[in-house]
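Fold and geometry: a report
Here is what each chain is made of, one letter per residue.
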Amino acid sequence: MSAERRDGDSLEKVAEEVRKCTLCPLCKSRTHAVPGEGNPRAKLMFIGEGPGYHEDRQGRPFVGAAGSFLNEMLSSVGLEREDVFITNVVKCRPPQNRDPQPAEIQACSRYLERQVQMIDPAVIVTLGRHSMAKYFPNERISKIHGQPRRIGGRTVVPLLHPAAALHKPELKQTELEDFARLPKILEEALARQSGEDDEGSQEMDQLKLF
Ligand code: URA
Ligand code: SF4
């Protein structure tokens, strides 16, 4: 459970709003909206594409075959789902698992943005090209996957979607290798953050002298 913020917003509130949301046409075909789940203070946040069949049935992200592979990759770097936060760019399942449309992603972004703001992760990992496009609008995932970049005071790492390895087994090794870099990337992002905090407090100390 996350503490309620001073402005009264909370992850639970976002989830409640998502479950009732009718802001885009995906609300009509959903069984359950999938707000996302995990550690409210996660340092690593994963953003996938949208719920599939099993996610729509259960109201939970990444619980089907792609989810099993994501779990496997997490445990390959010593992480469990409870350590991270997992959500999607659209919270309701697109019919027949079609790609989410730009207007749907746009409508749903208000929820994702609040989640990112409240969790405040040091590292955001995008899974697949639709969530990549939020941070890297004109890039090709085949070219930039696995390469961290600083965006707005955070590190963002675009990864291939775990389902890609299910369709093309030759991608599995690439996905595992990209994933294996995450602990180091996280460590560097955290070191950088605490460096910035120290700088901030030094500046405060200096200001106090005047
Ligand atoms: N694929 C996604 O992008 N998200 C899920 O939650 C499940 C499968
Ligand atoms: Fe609302 Fe997002 Fe679901 Fe569309 S996908 S109905 S914007 S929660």
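Here is a short report on the structure shown in this document. Throughout, residues of each chain are indexed from 1 in the direction in which the sequence is written. The lettering of chains begins at A and the numbering of ligands begins at 1, in the order of writing. At least 70 in pLDDT is required for a residue's local features to be given in this predicted model, at least 80 for side-chain atom pairs to be given and counted, and no such filter applies to totals for whole chains, interfaces and linings, which use all residues. Hydrogens are left out, water is left out, and the side-chain values use all remaining heavy atoms of the structure.

Considering the site of ligand 2
Here a residue is considered near a molecule or strand provided that any single heavy atom belonging to it is located within 4 Å of it. Taken together, Cys21, Leu23, Cys24, Leu26, Cys27, Arg30, Lys91, Cys92, Ala107, Cys108 and Tyr111 make up all the residues around ligand 2. For the purposes of this entry, the term helix denotes a DSSP run of H or I that reaches at least four residues, the term strand denotes a run of E that reaches at least two, and both are numbered from the N terminus. The set of elements that each furnish at least two residues to the shell around ligand 2 consists of α2 (26-29) and α5 (102-119). For the shell around ligand 2, the element with the highest residue contribution is α5, accounting for three residues. Across the shell around ligand 2, the residue classes break down as nine nonpolar, no polar and two charged. Just so you know the grouping, Ala, Val, Leu, Ile, Met, Phe, Trp, Tyr, Cys and Pro go in nonpolar, Asp, Glu, Lys and Arg go in charged, and all remaining residues, Gly too, go in polar.

A short note on the sheet that holds strand β1 (residues 37-38)
The sheet built from six strands is open, its strands ordered β1-β3-β2-β4-β6-β5 with mixed pairing. Among the strands making up the open sheet, the edge pair consists of β1 and β5 (149-151). Only strands that DSSP links by at least two bridges are regarded as paired with each other. Pairing between β1 and strand β3 (residues 85-88): two bridges, direction antiparallel. Residue pairing for β3: Glu37 is matched across the bridge by Ile86.

Looking at the pattern of salt bridges
We count a salt bridge whenever a side-chain nitrogen from Lys or Arg sits within 4 Å of a carboxyl oxygen from Asp or Glu. Following the criterion strictly, the structure yields 13 salt bridges and no others. In this structure, Asp9 and Arg114 form a salt bridge, with 2.8 Å as the shortest nitrogen-oxygen distance. Of the two residues, Asp9 is situated in the segment before α1 (11-20) and Arg114 in helix α5; the sequence distance between them amounts to 105 residues. As a salt-bridge pair, Arg98 and Glu104 come within 2.8 Å of each other at their nearest N and O atoms. Only protein chains enter the accessibility calculation, which uses a 1.4 Å probe. A residue is then buried if its area is under 20% of the maximum for its type, exposed if over 50%, and partly exposed in between. A relative accessible area of 29% means that Arg98 is categorised as partly exposed. Overall, Glu104 belongs to the buried group, its relative accessible area being 3%. In this structure, a network of salt bridges that share partners links the residues Asp9, Glu17 and Arg114.

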